[in-house]
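Next come the chains, spelled out residue by residue.
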Amino acid sequence: MGPFGAWYHVSKFGVEALSDALRLELKPFGIDVIVIQPGGVKSEWSGIAMNKLKSTAPNSVYGNAIDKVLSSNGELESQYAKPAVIANLIWKAIRSKKPKTRYKGGYMAGFLLFIRRVVPDRIIDKMILSKMA
């Protein structure tokens, strides 16, 4: 998660919560529900989101922070995984006789999920905010 993406993050959390509920409701019918947790993946979506964010920066109280987010995102994008990584993950999940509840893949997915479990939120917040200062 990062700043200026609340609208995006809430949609991901919503789909995850829906999936968790459906997994329990549909299990008696033999239907497995899984969650795919992708990290950074190369697509046109990032460029679209960053261009929209850039258009909000002028005359904004967040202008400087937005500029820093845009700069760091540009550096990260070169390391994003190819979409085939996620396609293969989905293929693996749907072919499994006993699928896991969650599958993670893509740039930094496993690392970020691990960090979120073991590092306190306040420390993560400080790390993110330091990149925006």
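Quick caveat, the model's predicted, so the values are computed rather than measured.

Engineer: An account of the overall build of the chain is requested, with residue identities and associated values reported.
Structural biologist: Secondary structure summary: the chain contains six helices and two strands in total. Across the 133 residues in the chain, those meeting the buried criterion constitute 23%. In the chain, 66% of the contacts between residues at least 6 apart in sequence involve partners at least 24 apart. A total of about 9700 Å² of accessible surface is found on the chain, and carbon and sulfur atoms cover 63% of it. Between the centroid of the 20 positive side chains of the chain and the centroid of its 10 negative side chains there is a distance of 7 Å.

Engineer: Before we move on, can you summarise the pattern of salt bridges with the specific residues and values?
Structural biologist: All chains considered together, the criterion is met by five salt bridges. We note a salt bridge from Lys-27 to Asp-32, for which the minimum N-O separation is 3.0 Å. Judged by relative accessible area, which is 41%, Asp-32 ranks as partly exposed. Taking the shortest distance from any N to any O, the salt bridge between Asp-121 and Arg-116 comes out at 3.9 Å. A single salt-bridge network, built from bridges that share partners, covers Glu-16, Asp-20, Arg-23 and Arg-102.

Engineer: Quick rundown of helix α2 (residues 44-56)? Include the residues and the values.
Structural biologist: In a regular helix each residue adds 1.5 Å, so 13 residues correspond to 18 Å; α2 covers 19 Å between its end C-alpha atoms and thus fits that length. All of the buried residues in α2 are Ser-46, Ala-49, Met-50 and Leu-53. Buried residues of α2, viewed axially, fall in a sector of 95 degrees; they line one side. Turned more than 90 degrees off the buried face of α2, the exposed positions are Glu-44, Ile-48, Asn-51 and Lys-52. On the buried face of α2, the contacting elements are α3 (63-77). At the N-terminal boundary of α2, the capping side chain belongs to Ser-43, with an oxygen 3.2 Å from the backbone nitrogen of Trp-45.

Engineer: Let's hear about the nonpolar core: which residues, and what values?
Structural biologist: Among the nonpolar cores identified, the biggest contains nine residues, and these are Ala-49, Met-50, Leu-53, Ala-57, Ala-65, Ile-66, Val-69, Leu-70 and Met-132. Taken together, the elements giving at least two residues each to this core come down to α2 and α3. Not counting residues up to four positions away in its chain, the partners in contact with Ile-66 are Phe-4, Leu-53, Thr-56 and Ala-57.

Engineer: Tell me about the pairing of strand β2 (residues 102-105), residues and numbers included.
Structural biologist: Along any regular strand, the residues point their side chains to alternate faces of the sheet. Where burial is concerned, the two faces of β2 differ: the one with Tyr-103 and Gly-105 is buried and the one with Arg-102 and Lys-104 is not. Relative to β2, strand β1 (residues 35-38) runs parallel, the two being bridged by four bridges. Within the sheet, the bridge partner assigned to Val-35 lies in β2 and is Arg-102.

Reading guide: rules and limits
- Residues numbered from 1 in each chain as written.
- Predicted model: local features only at pLDDT ≥ 70, side-chain atom pairs only at ≥ 80, totals over all residues.
- Heavy atoms only, no water.
- Helix = DSSP H or I, 4+ residues; strand = E, 2+ residues; numbered from the N terminus.
- Buried < 20%, exposed > 50% of the residue type's maximum accessible area, 1.4 Å probe, protein only.
- Contact = heavy atoms within 4.5 Å.
- Areas by Shrake-Rupley, 256 points an atom, 1.4 Å probe, with all protein chains shown as cover.
- Lys, Arg positive; Asp, Glu negative; His and termini not counted.
- Charge placed at Lys NZ, Arg CZ, Asp CG, Glu CD.
- Salt bridge = Lys/Arg side-chain N within 4 Å of Asp/Glu carboxyl O.
- Expected span 1.5 Å × (residues − 1).
- Arc of directions from axis to C-beta.
- Polar contact = N/O pair within 3.5 Å; in protein donor to acceptor, adjacent residues only side chain to side chain.
- Core = buried A, V, L, I, M, F, W, Y, C linked by side-chain atoms within 4.5 Å.
- Pairing = 2+ DSSP bridges.

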